[in-house]
Each structure stands twice: as structure tokens, then as C-alpha cells.
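Descriptive analysis of the structure
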Amino acid sequence: MEYAGFGGFIVLILNIWAIISIIGSSNSTGSKVLWTVLVLVLPILGFIIWLIAGPRANKRVA
């Protein structure tokens, strides 16, 4: 079984989730661009940094 391919797929899914959350946040456009570039340029490290300190998407309370 090819674990490297599976690991890469997981990283891709997590990065897509992070980018969607970044875009949905209420931060400024510049901040969104910087976080998105960080996640794209450093996929694993950028995701971990975003997970700890990144902007969060607005949660709607119904």
C-alpha cells in the first residue's frame, strides 16, 4: 500500500479545509491572503500554524 500518496491526500484535504475557513473568516483581505499563501507555500507547517493561531470562520447561531 502506498502510504505517501495517502498522506499527501490527507494534507491536501486539510489544506483545502483551512483555506475555506480562512476565506470565511471576518478578517481583512490582506490577512486572508497572507494566511492562504502561508498554507499553500508550507502545506504541513502552514496548516499547523493556522490551526494554532489563524483566523476562524464566523459561526452562525440559528
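Just above sits the structure.
The sections below set out a description of the structure shown in this document. Fair warning: this is a prediction, and the values are worked out from it, not measured in the lab.

So, on to the overall build of the protein. In terms of regular secondary structure, the protein is built from three helices and zero strands. Looking at the protein residue by residue over its 62 residues, the buried ones come to 24%. Pairs at least 24 residues apart make up 55% of the contacts formed inside the protein by residues separated by at least 6 positions. For the protein, the computed accessible surface area is about 4,700 Å², with 74% contributed by carbon and sulfur atoms.

Before going further, it helps to spend a moment on helix α3 (residues 43–53). If you check which residues of α3 are buried, you get G46, F47 and W50. An end-on view of α3 places all buried positions within 100 degrees of arc, on one side of the element. With respect to the buried face of α3, the exposed residues turned more than 90 degrees away are I44, I52 and A53.

Let us look at the environment of V37. Note that V37 resides in helix α2 (residues 29–41). Along the backbone, V37 and I19 are 18 residues apart, and their C-alpha atoms lie at a distance of 9.4 Å.

What counts as what
Residues numbered from 1 in each chain as written. Predicted model: local features only at pLDDT ≥ 70, side-chain atom pairs only at ≥ 80, totals over all residues. Heavy atoms only, no water. Helix = DSSP H or I, 4+ residues; strand = E, 2+ residues; numbered from the N terminus. Buried < 20%, exposed > 50% of the residue type's maximum accessible area, 1.4 Å probe, protein only. Contact = heavy atoms within 4.5 Å. Areas by Shrake-Rupley, 256 points an atom, 1.4 Å probe, with all protein chains shown as cover. Arc of directions from axis to C-beta.

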